[in-house]
Amino acid sequence: MSRSVHRLREFGETVFATMSARAVEFDAVNLGQGFPDSDGPPRMLEIACEEIRAGNNQYGPGRGLPVLREAVAAQRARDHGVHYDPDTEVLITVGATEAISAAVLGLVEPGTEVIVLEPYYDAYAAAIALAGARRVAVPLAADGATWTVDVAAVRAAITADTAMLIINSPHNPTGAVFSRATLSELAKVCVEHDLLVLSDEVYENLLFDALPHTAVASLPGMRERTVTVSSAAKSYNVTGWKTGWALAPAPLLDAVVTAKQFMSYVGATPFQPAVAHALTHEGPWLSAMVAELATGRDILVDGLRSAGLSVHDTHGTYFVIADIGEGRDGLDFCLELPARIGVAAIPVQVFCDDPGPWRSKVRFAFGKKHETLHRGVERLQLLDECP
Ligand code: PMP
Ligand code: GLN
């Protein structure tokens, strides 16, 4: 029996750890947890090794190495037209995960409310609980074969206690990309109610079908109320480097820094110049990676369909949602899948306060080598034979 404090009791082991452990146990193709099985840009990897050999192995400055803060600010300005001062408005964190927790802990008072869009990434729920705040989940609305934000429902969920709204586009786990028009409507509501916004943009580069990324802070009235979070993990295939960042106007960022400094003090030093290089010079590598990812998506979607599942659209991230059939339970399905056919996947219902509508939805990850996806797809064809 865990002795954890009351406010953390609803959280057991994360679904990603559970499903990845089952994948290892049954030697399954892991299409569950979102991490790639190939490396990032070679020069970026070399720089990290060079930094270690050159002795860049001690604590860096509290807000991160200037070279990375400058590269992060330059990338935001170049790619999204939003300008930040690298000295006062950029913080390097231990992955986007720490940036999320530090933003909530530093900016949200206990007893207030934080609105999340359901299904929501699990770290938001934990950060809100750690802060002693209340989570208010607003379900996404179906939009053809994908999902969008129900702006009217968000408006209806706002109370005098609402402190923050957490937005994530491209969206994990659905692969939905919210349009600029929808995000602009949402922005108007945030301005009207003077809400803080946490915009999780870790998938800012993983978009398909020529869709643009909308940086929430670029919308009218949003820069001054938004903490934007991103990381190197998904753009440069280095989920294990745990190097992310937060950008916000100084009064907001100072609050994030105050929390972050006691969570980890600083992140790993030698990765920071390497990530700075990637942000500045690895655009061509990134474009090629995203093109391969789009092909990987098609391989997996075709494979899921030929295995008899109905598949939703995905326009970003490296996730796609399949429906295993009305009345069937995605959690049971995912718990059994590694032993049954040697594939791991993630049930969507665990990201929901109201699992009902999401019970038969299962998330598969396609950010893998094409050979891995083909192997997974081959095994998925056994679904019929191994009931
Ligand atoms: N937000 C979302 C939506 C994610 O999917 C993830 C996982 N990449 C994170 C945050 C955490 O990112 P990091 O690994 O950089 O902590
Ligand atoms: N973001 C990854 C996913 O959604 C998992 C990261 C983690 O395990 N915390 O699959």
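Residues numbered from 1 in each chain as written. Chains lettered and ligands numbered in written order. Predicted model: local features only at pLDDT ≥ 70, side-chain atom pairs only at ≥ 80, totals over all residues. Heavy atoms only, no water.

If you look the protein chain up in an unreviewed UniProt entry, it shows as Pyridoxal phosphate-dependent aminotransferase from Corynebacterium nasicanis. Per UniProt, the protein chain has the following entry under Cofactor (unreviewed entry): "pyridoxal 5'-phosphate". (UniProt positions renumbered as here; feature names shortened; annotations may be inferred.)

A. Just the sheet that holds strand S11 (residues 310–311), in detail. If you trace the four strands from one edge of the open sheet to the other, you get S11-S12-S15-S14, paired in antiparallel fashion. The sheet is open, and its two edges are formed by S11 and strand S14 (346–347), each paired on a single side. Against the sheet, helix H11 (residues 283–306) engages S11, strand S12 (319–323) and strand S15 (361–365), with an angle of about 10° to S12. (Pairing = 2+ DSSP bridges. Helix = DSSP H or I, 4+ residues; strand = E, 2+ residues; numbered from the N terminus. Contact = heavy atoms within 4.5 Å. Axes fitted to C-alpha atoms, helices over the stretch in contact; angles between N-to-C directions.)

B. Structural view of the environment of Gly-308. Within the element layout of this structure, Gly-308 appears in the loop between H11 and S11. Take Gly-308: its relative accessible area is 62%, and that puts it in the exposed class. On a C-alpha basis, the gap between Gly-308 and Gln-381 in space is 8.3 Å, while along the polypeptide they are 73 residues apart. (Buried < 20%, exposed > 50% of the residue type's maximum accessible area, 1.4 Å probe, protein only.)

C. Main features of the packing of aromatic side chains. This structure, assessed with the given rule, holds eleven aromatic pairs. Residues Trp-147 and Trp-358 carry aromatic rings whose centres are separated by 5.3 Å and whose planes lie at 35° to one another, so their mutual orientation is tilted. Residue Trp-147 is located in strand S6 (residues 146–148), and its partner Trp-358 is located in the loop between S14 and S15; the two are separated by 211 residues in the primary sequence. Summarising the burial analysis for this pair, Trp-147 and Trp-358 share the class buried. (Phe/Tyr/Trp six-rings, centres within 6.5 Å; stacked < 30°, edge-to-face > 60°.)

D. Structural context of the side chain of Thr-314. Secondary-structure assignment places Thr-314 in the loop between S11 and S12. In terms of polar contacts, Thr-314 uses its side chain to reach the backbone carbonyl oxygen of Phe-319, at 2.7 Å. Apart from residues no more than four positions distant in its own chain, Thr-314 is found in contact with Thr-174, Gly-175, Phe-208, Asp-209, Arg-297, Phe-319, Val-320 and Phe-366. (Polar contact = N/O pair within 3.5 Å; in protein donor to acceptor, adjacent residues only side chain to side chain.)

E. Quick look at helix H4 (residues 95–107). Spanning 13 residues, H4 covers 19 Å between terminal C-alpha atoms, matching the ideal 18 Å at 1.5 Å per step. Taking burial as the measure, the 13 residues of H4 include ten buried ones, the bulk of the element. (Expected span 1.5 Å × (residues − 1).)

F. Layout of the environment of Ala-142. By the element assignment, Ala-142 lies in strand S5 (residues 141–143). The sequence separation of Ala-142 and His-83 amounts to 59 residues, and the corresponding C-alpha distance is 34 Å.

G. Fine view of the site of ligand 2. Around ligand 2, the neighbouring residues are Phe-16, Gln-33, Gly-34, Tyr-121, Asn-172, Tyr-203, Lys-234, Phe-319 and Arg-363. In the environment of ligand 2, an oxygen atom lies 2.8 Å from a nitrogen or oxygen atom belonging to the side chain of Asn-172. Within the complex, 78% of the 300 Å² of free accessible area of ligand 2 lies under protein. Classifying every residue of the shell around ligand 2 by side-chain character gives four nonpolar, three polar and two charged. (Near = heavy atom within 4 Å. Areas by Shrake-Rupley, 256 points an atom, 1.4 Å probe, with all protein chains shown as cover. Nonpolar A, V, L, I, M, F, W, Y, C, P; charged D, E, K, R; others polar.)

H. View of the UniProt feature "domain: Aminotransferase class I/classII large" (unreviewed entry) in the protein chain. Following the UniProt record, one finds the feature "domain: Aminotransferase class I/classII large" (unreviewed entry) at residues 28–380. A distance of 11 Å separates the end C-alpha atoms of residues 28–380, which is 41% helix and 18% strand.

I. Broad picture of the site of ligand 1. Near ligand 1 lie 15 residues; those nearest to it are Thr-97, Asp-200, Tyr-203, Lys-234 and Lys-242. With respect to ligand 1, the side chain of Thr-97 contributes an N or O atom lying 2.6 Å from an oxygen atom. Note that a nitrogen atom of ligand 1 is positioned 2.5 Å from one of the side-chain N or O atoms of Asp-200. Relative to its unbound accessible surface of 390 Å², ligand 1 loses 95% to contact with the protein. Listing elements by their share of the shell around ligand 1, those giving two or more residues are H4 and helix H8 (232–235). With four residues, H4 is the largest single contributor of residues to the shell around ligand 1. Split into classes, the residues belonging to the shell around ligand 1 amount to seven nonpolar, five polar and three charged.

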